[in-house]
Amino acid sequence: MGKSKSAGALGGRMWTNVILFGLIGQIAWVVENMYFSRFMQNEITRAPYATTLLVAFSAIFATLATLIGGALCDRAGKRKKFICWGYVIWGFTIMMFALVPMQPTADKVLPLVILVVVMDCVMSIIGSISNDAAFNTWITDISNTANRARVDTVLAIMPLFALAVVFGGFDSLTNATATTDDWKKFFLILGVIPSIGGVIGLFLMKDKEGIVANKDNSFLSDFTYSLQPKVIKANKMLYICLAGNAISAISYQIYINYLFNIVEGTMGIKDYIIPVGIIMVVSAVISVIVSSAMDKYGKKHFYYPTIIAGIVGCIVIWASKFLIGKNETALIAVLIVGGILLIGVSLVMAGLFTASYRDYIPKGKEGLFQGCRMVLYVLVPMIIGPIIAQAIINLSNRGIADSEIVYPMELFLGAAVVMLFCFIPAKIVRTNQHEFHNKLMKDLEQ
């Protein structure tokens, strides 16, 4: 037992790097995933096609960048340089949004939609190479099966802490009453954070010892490695784990890009900082407790309850529509309960499927398998999810002008339906992964 604990232990410096770069990276992704959408909806156009284009093209370029970045990491045998210098540049791409003209006239809406989408793609390319490719490869290097559920769940709650930083400190610069100067301040301040983090990392972070540059294959072969049919066939459980995460992420993408405007606009909750804060804190605490239990008892017992909780959370929040305009106290209470279930599940899902996926990565191929993670974790969900959302929004707003569009609560019902499909990969992983996990644990104890 003592050996197992030792095998799963990470030093203080290592945990500092995990938390620091996990948090700073997620601060940048919160800006991209939630506030760029809000910026588009509030300052350019409320038409859902613009948000769909923003999210979809960002996912496409992020995935391509991760495929390239993962191959470069393995070929160079380096992670730190890609992470740290990438974070520095990443911050500058966020600051550039302060230069975008806002509140355009009707004839300038489409050109500005295109401009914002292009700038988002550039930001996503830099972020994906430094964070999704290099940082995630580094995480795979320094973790093992004895601690991956804990590490991945800690990383999964980083978006909540990042949201707390951005939401608690700077949300007032982006709400419905925000001015052009407010948005400029927002982008400048939030862009500085990744850049400073990258500089700190140059002194704090270290690559794992013993990593050897792998240039046995051509760059093109490395670039496409994780998408090759023979590789998929040889590592099918790895892809089933990612498929489970993909379905959960599609469900999440149906509502997340409209969440702030749903709470503030559709639900009419103007003072939402406290309820959202409660949701974030309680969800984070629950997910950490559950992740520790997963490492202790095995992930097998947590798949079905987690999926069920996610579906219930979606239905609970959808049902709150019947309280809108009638009882705000009850409305907020229902939002908190549903939100804790929904956000908590999205965090625990990472500890389940992502940690299992890392277990199946062949040694020496850690960087090469970051691309397929992006395809199934980001690209597919961020195309399919927003398209489903756009269909629901358009159906609920037939005959309504773009400026009068209301984002409907039925987005959560759509998310619940998609979440049902998680049971399929969950059953396969649940049946096969437990024995493999035990084998890896025995290997660590030897």
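Here, every reference points to the structure presented above.
Caption draft 1: Spatial organisation of the overall build of the chain. In terms of regular secondary structure, the chain is built from 17 helices and 0 strands. Against the 2.2 N^0.38 benchmark of 22 Å for 446 residues, the chain shows a C-alpha radius of gyration of 21 Å, consistent with a compact globule. Sorting the 446 residues of the chain into buried and exposed places 58% on the buried side. Here the contacts in the chain between residues at least 6 apart in sequence split such that 88% fall between residues at least 24 apart. When the accessible surface of the chain is totalled, it reaches about 18200 Å², and 68% of it is carbon and sulfur. Each charge class in the chain was averaged separately, 36 positive and 27 negative side chains, and the resulting centres sit 9 Å apart.

Caption draft 2: Just the nonpolar core, in detail. Within the largest apolar cluster, 129 residues are counted, with the highest numbers of intra-cluster contacts made by Tyr 35, Phe 135, Phe 186, Phe 187, Leu 238, Phe 369 and Leu 411. It is helix H14 (residues 328-359) that contributes the most residues to this core, 15 residues altogether. Apart from the residues within four sequence positions on either side, Phe 369 is in contact with Tyr 225, Ser 226, Val 231, Asn 235, Leu 238, Tyr 239, Tyr 357, Ile 361 and Pro 362. Ala 59, Ala 62, Val 375 and Val 378 belong to the second largest nonpolar core, which has 8 residues in total.

Caption draft 3: Spatial organisation of the packing of helix H4 (residues 80-95) against helix H7 (residues 180-204). Between H4 and H7, the shortest axis-to-axis distance is 7 Å and the interhelical angle comes to 165°. Taken as axis vectors, H4 and H7 run roughly antiparallel relative to one another. Like other packed secondary-structure pairs, H4 and H7 cross with a definite hand, here left-handed. From H4, Lys 80, Cys 84, Trp 85, Tyr 87, Val 88, Gly 91, Phe 92, Ile 94 and Met 95 reach across to H7, where they touch Phe 187, Leu 188, Leu 190, Gly 191, Val 192, Pro 194, Ser 195, Gly 198, Val 199, Gly 201 and Leu 202.

Caption draft 4: Seen up close, H7. In this model H7 runs 37 Å from its N-terminal to its C-terminal C-alpha over 25 residues, within 8% of the 36 Å that 1.5 Å per residue would give. Among all positions of H7, only Asp 182, Trp 183, Phe 186, Phe 187, Leu 190, Gly 191, Pro 194, Ser 195, Gly 197, Gly 198 and Gly 201 are buried.

Caption draft 5: How the structure looks around empty space enclosed by the protein. Counted according to the given criterion, the structure contains 3 cavities of 30 Å³ or more. Contributing to the lining of the largest cavity are 50 residues, with Gln 26, Asn 33, Pro 159, Tyr 252 and Tyr 377 lying nearest its centre. Take the lining of the largest cavity: its biggest share by element is 10 residues, from H14. The space that makes up the second largest cavity amounts to roughly 50 Å³. Taken together, Ser 248, Ser 251, Tyr 252, Tyr 255, Gly 310, Leu 342, Val 345, Ser 346 and Met 419 make up the lining of the second largest cavity. Residue assignment for the lining of the second largest cavity shows that the elements contributing at least two residues are helix H10 (236-255) and H14. Broken down by element, the lining of the second largest cavity gets its largest block of residues, 4 residues, from H10. Taken together, the residues that form the lining of the second largest cavity break down as 5 nonpolar, 4 polar and no charged.

Caption draft 6: Local environment of helix H11 (residues 259-266). Where burial is concerned, most of H11 is hidden: 7 out of the 8 residues are buried. Those residues of H11 that sit buried are Leu 259, Phe 260, Asn 261, Ile 262, Val 263, Glu 264 and Thr 266. The positive-phi residue at the C-terminal boundary of H11 is Gly 268, with phi of around 75°.

Caption draft 7: Spotlight on unusual backbone geometry. Of note, the phi angle at Gln 103 is positive, near 50°, even though the residue is not glycine. Relative to the elements of secondary structure, Gln 103 occurs in the loop between H4 and helix H5 (109-142).

Caption draft 8: Focus on the packing of aromatic side chains. Within this structure, the stated rule accounts for 22 aromatic pairs. Taking 5.5 Å as the distance between ring centres and 40° as the angle between the ring planes, the aromatic pair formed by Phe 167 and Tyr 272 counts as tilted. Of the two residues, Phe 167 is situated in helix H6 (residues 148-170) and Tyr 272 in the loop between H11 and helix H12 (273-297); the sequence distance between them amounts to 105 residues. In terms of burial, Phe 167 and Tyr 272 fall into one category: buried. An aromatic cluster of three or more residues is present, and its members are Tyr 35, Phe 36, Phe 39, Phe 97, Phe 167, Trp 183, Phe 186, Phe 187, Phe 260 and Tyr 272. Across from the ring centre of Phe 322, 5.8 Å away, lies the NZ or CZ of Lys 321, which sits over that ring.

Caption draft 9: Inspection of the side chain of Glu 32 at higher detail. Position of Glu 32 among the secondary structure elements: in helix H2 (residues 12-44). In this structure Glu 32 touches Ser 37, Ser 58, Asp 120, Met 123 and Ser 124, once residues within four positions along its chain are discounted.

Caption draft 10: Representation of the pattern of salt bridges. Counted according to the given criterion, the structure contains 5 salt bridges. Across the pair Asp 171 and Arg 38 runs a salt bridge, and its minimum N-O distance is 2.7 Å. A residue pair is termed long-range when its members are at least 10 positions apart, and Asp 171 in the loop between H6 and H7 and Arg 38 in helix H2 qualify at 133 residues. For the pair formed by Asp 171 and Arg 38, the shared burial category is buried. A salt bridge links Lys 321 to Glu 410; the nearest nitrogen and oxygen atoms lie 2.5 Å apart. Highlighted residues: Lys 321 in the loop between helix H13 (303-319) and H14 and Glu 410 in helix H16 (residues 410-420), separated in sequence by 89 residues. Assessed through its relative accessible area of 31%, Lys 321 is described here as partly exposed.

Caption draft 11: Inspection of a nonpolar patch on the surface at higher detail. The grouping of Tyr 49, Leu 53, Phe 57, Ile 60, Phe 61, Leu 64, Leu 110, Ile 114, Val 118 and Val 122 at the surface amounts to a nonpolar patch, some 790 Å² of accessible area in total. Listed by contribution, the elements that provide at least two residues to the nonpolar patch are helix H3 (48-76) and H5. Within the secondary structure, Ile 114 is located in helix H5. Classification of Ile 114 by relative accessible area gives partly exposed; the value is 47%.

Rules and cut-offs
- Residues numbered from 1 in each chain as written.
- Predicted model: local features only at pLDDT ≥ 70, side-chain atom pairs only at ≥ 80, totals over all residues.
- Heavy atoms only, no water.
- Helix = DSSP H or I, 4+ residues; strand = E, 2+ residues; numbered from the N terminus.
- Rg over C-alpha atoms; globule rule 2.2 N^0.38 Å.
- Buried < 20%, exposed > 50% of the residue type's maximum accessible area, 1.4 Å probe, protein only.
- Contact = heavy atoms within 4.5 Å.
- Areas by Shrake-Rupley, 256 points an atom, 1.4 Å probe, with all protein chains shown as cover.
- Lys, Arg positive; Asp, Glu negative; His and termini not counted.
- Charge placed at Lys NZ, Arg CZ, Asp CG, Glu CD.
- Core = buried A, V, L, I, M, F, W, Y, C linked by side-chain atoms within 4.5 Å.
- Axes fitted to C-alpha atoms, helices over the stretch in contact; angles between N-to-C directions.
- Parallel < 35°, antiparallel > 145°, perpendicular 65-115°, else oblique.
- Left-handed = near helix turned anticlockwise from the far one by under 90°.
- Expected span 1.5 Å × (residues − 1).
- 1 Å grid on protein atoms, 1.4 Å probe; cavity = no way out; pocket = protein on both sides within 12 Å on 5 of 7 lines; lining within 4 Å.
- Points joined across faces, edges and corners; volume = space filled by probe spheres on them.
- Nonpolar A, V, L, I, M, F, W, Y, C, P; charged D, E, K, R; others polar.
- Phe/Tyr/Trp six-rings, centres within 6.5 Å; stacked < 30°, edge-to-face > 60°.
- Lys NZ or Arg CZ within 6 Å of the ring centre and 35° of its normal.
- Salt bridge = Lys/Arg side-chain N within 4 Å of Asp/Glu carboxyl O.
- Patch = residues over 30% accessible without salt bridge, like charges linked within 9 Å, V, L, I, M, F, W, Y side chains within 5 Å.

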